[in-house]
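Okay, here's what each chain looks like letter by letter:
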Amino acid sequence: MTTAAFSHEPGTAMECLSIPITLEKESGIDENGRQVLRCGFRIGGGIDQDFMKSPQGYTDNGIYCTEVHEGSAAARAGLRVHDKILQCNGYDFTMVTHKKAVDYIRKHPVLNLLVARRGVTHS
Amino acid sequence: MEKEEEEQEEKEEGGDGSSCGPTVTLAERLEGFCNLVLLRVTTGDNSDLKRQVNVKLQQPANAPPLRRRDRVSMSFSVGPGPSYATAGAWTPDQDSVVSGFTDASLYASLQRHPQYSQQSQYQYHQQQQQQQQQYQHPQARQKASFVSLRNVNARPLHKRGRRVSEMTAGAGGDGGMGGEVIEVQILPQDDNWGDNTTAITGNTSVRSESFQDVTIIGRDQETGVTFTCQRYAGSALCALVALFAFLSPIAMVLIPRLNVIQLKSEHLKCDSECDGLLISFSFKLLILLLGSWALFFRQPKATMPRIFIFRALVTMLIFVFTFSYWLFYVVRILENRDEVRYRSIVYFAVSLVDALLFIQYLAVILLELRHLTPQYMVKVLRSPDGESRWYNIGQLSVQRAAAWVLEKYYQDFSIYNPYLDRVPSKKKPHPSNSSFKYYDVDGNEENPESHTRAVLTASARRRDSAHNERFYEEHEYERRVRKRKARLITAAEEAFTHIKRMHDDQGQSTPMNPHEAAQSIFPSLARALQKYLRITRQQPRHTMDSILSHLAICLAHDMSPRAFLEKYLVSSPVMQNDKEHRGVQSWGLVCDQLLSRPINGGTIFQLRQADVCLLCTVSHIPHFSIAEEIIHPKSNKFVLRLNSETSV
């Protein structure tokens, strides 16, 4: 079943092309002075969010990358804005809540992402 | 057997031990047969005694079977207890119902004692001394224990009636003494039954009423001269005193003028100052009169059991003032006729009027204003159906608070319908609903406790399913009520469309006045209305005439059908019931503390009328501590926080 990756109903089966991205986090210091591992991008979306209210105009409930910071690990790894993350370290990101997605991303120091990009993997 | 002495009282299940009471001989014609011998001795009197005597009959092996029509005379003796001798109220014959059944075959075992047939079986044994008659014959003691049986459906005996009917054993023509052996075994009974079966009444003999009853009868009068006197007595006295006080300044001013006492004419001259005083005097009197009329000239709201303290206080004050003023008047003015001036008399009268005005001010505050600020909360709980309300009440005495609560009761509570205590269910009560009767025949005495235990668990299991039954029954009942209500509204709307107001000679059908119009459209909604009234158990409350007159009024005033039906659909407040529109409603007030004391937190008093009980509990209104909290205007700023993105 090939359905559009960007209009995916969470829970249904999907088959699509995706871009593998390996992201190694870099360590930094946050405002409290603690050592954290940063990836350098922002995510939005999730099955508990309403995609119709997203300012970027996303069309489904998946996890999207809404911003990539300059010179960050994400930019170096090849992540671009408005990429939809399909999988992260084997976790399925097409049917996760926002909080869960954040937890999964923060779990490991190296992320193996599978990403769908408009115009590249799909037209 | 000696069992006849051991007539014991038994509670529901068996007890143990035995004791005795006065001898009873009841011989009744037996009309039914059943598989048990259950004797129930109940007193229908004002003593609430119920004694159950289980008598098991043992059938000896060689007893010939009885025929159906055989009659047996038995008597049992209840031995004397000291309480019985003094009480004298347990007169078993006319007060007791002994009901029982026996099996025809068991009759075979009943021995009819030859001695007893000759003795008066119709005798009526009352107290201990009669008991000795029973024991005249030693044979009697040894052999039979007579038990009087009676039809179980018989009503309890009237206190004055004497029911002695007889069963004589009828085997053969000798009047029934066949010589069989009656072995009557009494189940083991509670030993202490004599202690709690004392019946204490005011009766000294069976044929008399007690003093308690007399006072209860006398209490029911709502009309009659004594009640009316009592109702108006307090107000009449106060009115008299107030009238006397009102007229005294006028009298004081007028007495010198009327030449009752001789004053010199120059003393009687009234200059301008005196005139001014007289004018102010008359106006103050007028204001006093108008104020009293506005506030106090009305029907007393309630007749209270104890004196109304504030009103008595005010009346006493008025009386004291007036009396002292008259005293001064007589002493000062009438004694010193030569030096007194008219002006001083007028001054005096004006000061009395001022004093009366101030007393009226005090009366207004004490009687009208003091109880207006709420200080307590009273919860009024109605007993048979559990409806309750809360009210705020001011500082009042218990009896005034009761009158106040009754005002609110007639305004807020719904009508109490005693027929709706149990949810009316469609199906007939099946026999398992009734309490389980346990009969023990054939003299099996092994394990009576295990039998009762089995009975108890069976009835407990039935009780558990009864909780569900109530829920489903109520649900079903509400459905049926709603269905009938819908039909009633439809029928009423249809009926009302037939009637149209006649405008300016439309003249096809004969014009009718509202009553005739009501009668003409009533049949079309009569059936639906009757069914609705029947299911809500309201039909005793509304007669045909009242319905017709209500319909006539609604038609005359152009009311809609729903407005006409409101009277039957809405059952609150209490005054909706026409029967409550009496002139006088009597209630009884019960309270632990004195009724003229003020109410306090924790006071409980109860109002009773027929089967309605209002329990009123008073509690303090809590003191409210209100503190100011400031919200800083700078903290009134808001920031939009978008949860939708997180930076990782």
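Residues numbered from 1 in each chain as written. Chains lettered and ligands numbered in written order. Predicted model: local features only at pLDDT ≥ 70, side-chain atom pairs only at ≥ 80, totals over all residues. Heavy atoms only, no water.

Moving on: the overall build of chain A. Counting secondary structure elements, chain A contains 2 helices and 8 strands. Starting at the N terminus, the α and β elements of chain A follow one another as β-β-β-β-β-α-β-β-α-β. Counting all 123 residues of chain A, 41% fall into the buried class. In chain A, the share of contacts with a sequence separation of at least 24, taken over all contacts with a separation of at least 6, comes to 60%. (Helix = DSSP H or I, 4+ residues; strand = E, 2+ residues; numbered from the N terminus. Buried < 20%, exposed > 50% of the residue type's maximum accessible area, 1.4 Å probe, protein only. Contact = heavy atoms within 4.5 Å.)

Residue and element names in this part refer to chain B. Inspection of the entire model under this criterion finds 16 aromatic pairs over all chains. Geometrically, the ring pair formed by F496 and F564 is tilted, given 5.9 Å between the ring centres and 35° between the ring planes. Here F564 lies in helix α16 (residues 561-569) and F496 lies in helix α13 (residues 448-497), a separation of 68 residues in the sequence. Accessibility expressed as a relative area gives 0% for F564, which makes it buried. (Phe/Tyr/Trp six-rings, centres within 6.5 Å; stacked < 30°, edge-to-face > 60°.)

Attention now moves to unusual backbone geometry. With an omega of 0°, the peptide bond between S572 of chain B and P573 of chain B qualifies as cis. For P573 of chain B, the location among the structural elements is in the loop between α16 and β9 (588-591). In this model, H82 of chain A sits at a positive phi of 65°, which is unusual for a non-glycine residue. Secondary-structure assignment places H82 of chain A in the loop between α1 (73-77) and β6 (84-88). Taking the relative accessible area as the measure of exposure, H82 of chain A reaches 40% and is therefore partly exposed.

Residue and element names in this part refer to chain B. There is a patch of nonpolar side chains on the surface, built from F244, L313, M316, F319, V320, F323, L327, V330 and V331 and spanning about 800 Å² of accessible area. Tallying contributions element by element places helix α10 (residues 309-335) first for the nonpolar patch, with 8 residues. Position of V330 relative to the elements: it lies in helix α10. V330 gets classed as partly exposed once you look at its relative accessible area, which sits at 36%. (Patch = residues over 30% accessible without salt bridge, like charges linked within 9 Å, V, L, I, M, F, W, Y side chains within 5 Å. Areas by Shrake-Rupley, 256 points an atom, 1.4 Å probe, with all protein chains shown as cover. Salt bridge = Lys/Arg side-chain N within 4 Å of Asp/Glu carboxyl O.)

Turning our attention to the sheet that holds strand β10 (residues 604-609) of chain B. Residue and element names in this part refer to chain B. As summarised here, the arrangement of the 5 strands in space is β8-β7-β11-β10-β9, forming an open sheet in which the pairing is antiparallel. Each edge of the open sheet carries a strand with a single partner, namely β8 (388-393) and β9. Between one strand axis and the next, the sheet turns through 20° on average, direction left out of account. Pairing between strand β7 (residues 376-382) and β8: 6 bridges, direction antiparallel. Counterpart to L381 in the pairing with β8 is S388. The strands touched by helix α12 (residues 398-412) within the sheet are β7, β8, β9, β10 and β11 (612-620), with β10 carrying the most contacts at an inclination of about 55°. (Pairing = 2+ DSSP bridges. Axes fitted to C-alpha atoms, helices over the stretch in contact; angles between N-to-C directions.)

Moving on to the nonpolar core. All names here are of chain B. Counting residues in hydrophobic clusters, the biggest one holds 33 residues, and the most contacted among them are M252, F281, I318, Y329 and Y342. Contributions of two or more residues to this core are made by α8 (225-257), α9 (272-296), α10 and α11 (342-369). Looking at this core element by element, the count peaks at 14 residues for α11. Beyond its immediate sequence surroundings of up to four residues, M252 is in contact with Y325, W326, Y329, I345, F348, A349 and L352. (Core = buried A, V, L, I, M, F, W, Y, C linked by side-chain atoms within 4.5 Å.)

Residue and element names in this part refer to chain A. Where burial is concerned, most of strand β5 (residues 63-68) is hidden: 5 out of the 6 residues are buried. Judged from the 5 bridges that link them, strand β4 (residues 41-45) and β5 form a sheet pairing that is antiparallel. By the bridge assignment, R42 is partnered in β5 with E67. As paired elements, β5 and β6 share 2 bridges and run antiparallel to each other. Considered in β6, the bridge of I63 is made with I85.

Counting from both sides, the interface comprises 14 residues of chain A and, opposite them, 6 residues of chain B. Surface buried jointly by chain A and chain B totals about 880 Å² across both partners, of which 48% is contributed by carbon and sulfur atoms. Taken as a group, R42, H98 and R106 of chain A account for 38% of the area that chain A buries against chain B, more than any other trio of residues on that side. There are 1 salt bridge connecting chain A and chain B. (Buried area = accessible area lost by both parts, 1.4 Å probe.)

Applying the stated rule across the entire model yields 18 salt bridges over all chains. A salt bridge links K84 of chain A to D60 of chain A; the nearest nitrogen and oxygen atoms lie 2.4 Å apart. Of this pair, K84 of chain A sits in strand β6 while D60 of chain A sits in the loop between β4 and β5, and the two are 24 residues apart along the sequence. Taking the relative accessible area as the measure of exposure, K84 of chain A reaches 1% and is therefore buried. A single salt-bridge network, built from bridges that share partners, covers R382, D385, E387 and R389 of chain B.

On average, residues of chain B score 71 in pLDDT, and 57% of them reach the 70 mark or higher. For the stretch residues 68-178 of chain B, pLDDT sits under 50, and the model shows 335 contacts to residues farther than four places along the chain or on other chains. (pLDDT = per-residue confidence, 0-100.)

Residues and elements named next belong to chain B. Here W404 lies in helix α12. Put simply, W404 and I393 are 11 residues apart on the chain and 8.5 Å apart in space, counted from C-alpha to C-alpha. When near neighbours in sequence (up to four residues on either side) are disregarded, W404 contacts V378, Y391, N392, I393 and L396.

Before going further, it helps to examine the UniProt feature "transmembrane region" (unreviewed entry) in chain B. Residues and elements named next belong to chain B. Feature annotation in UniProt places "transmembrane region" (unreviewed entry) on residues 232-255, 276-296, 308-334 and 346-367, given in this structure's numbering. From the first C-alpha to the last, residues 232-255 spans 33 Å; its make-up is 100% helix and 0% strand. In residues 308-334, the share of helix is 96% and the share of strand is 0%. The end C-alpha atoms are 38 Å apart. (UniProt positions renumbered as here; feature names shortened; annotations may be inferred.)

Consecutive side chains of a regular strand alternate in pointing toward one face of the sheet and then the other. Residue and element names in this part refer to chain A. Bridge analysis of strand β2 (residues 26-29) against strand β3 (residues 35-38) gives 4 bridges, and the strand direction is antiparallel. Residue pairing for β3: S27 is matched across the bridge by L37. The turn joining β2 and β3, which pair antiparallel and follow one another in sequence, is formed by 5 residues; a positive phi near 95° is taken by G33.

Within helix α2 (residues 98-107) of chain A, the full set of buried residues consists of H98, A101, V102, Y104 and I105 of chain A. Looking straight down α2 of chain A, one finds its buried side chains confined to an arc of 165°; they lie on one side. α2 of chain A presents K99 and R106 of chain A as exposed residues on the side facing more than 90 degrees away from its buried surface. Where the residues of α2 of chain A are buried, they touch β4, β5, β6, β7 (91-92) and β8 (110-116) of chain A together with β12 (645-647) of chain B. (Arc of directions from axis to C-beta.)

In this section: the packing of α8 of chain B against α10 of chain B. Residues and elements named next belong to chain B. For the pair α8 and α10, interaxial distance at closest approach is 10 Å and the crossing angle is 25°. Compared by their axis directions, α8 and α10 come out roughly parallel. Where α8 crosses over α10, the two elements pack in a sense that is left-handed. Contact with α8, carried on its side by G234, S235, C238, V241, F244, A245, S248, A251, M252, I255 and P256, involves R311, T315, I318, F319, T322, Y325, W326 and Y329 of α10 and no other residues of that element. Residue composition of the contact of α8 with α10, grouped by class: 13 nonpolar, 5 polar and 1 charged. (Parallel < 35°, antiparallel > 145°, perpendicular 65-115°, else oblique. Left-handed = near helix turned anticlockwise from the far one by under 90°. Nonpolar A, V, L, I, M, F, W, Y, C, P; charged D, E, K, R; others polar.)

Another point: the environment of P598 of chain B. Residues and elements named next belong to chain B. Within the secondary structure, P598 sits in the loop between β9 and β10. When the C-alpha atoms of P598 and V398 are compared, they prove to be 5.8 Å apart, with 200 residues separating the residues in sequence. Setting aside residues no more than four positions away along its own chain, P598 makes contact with Q395, L396, S397 and Q593.

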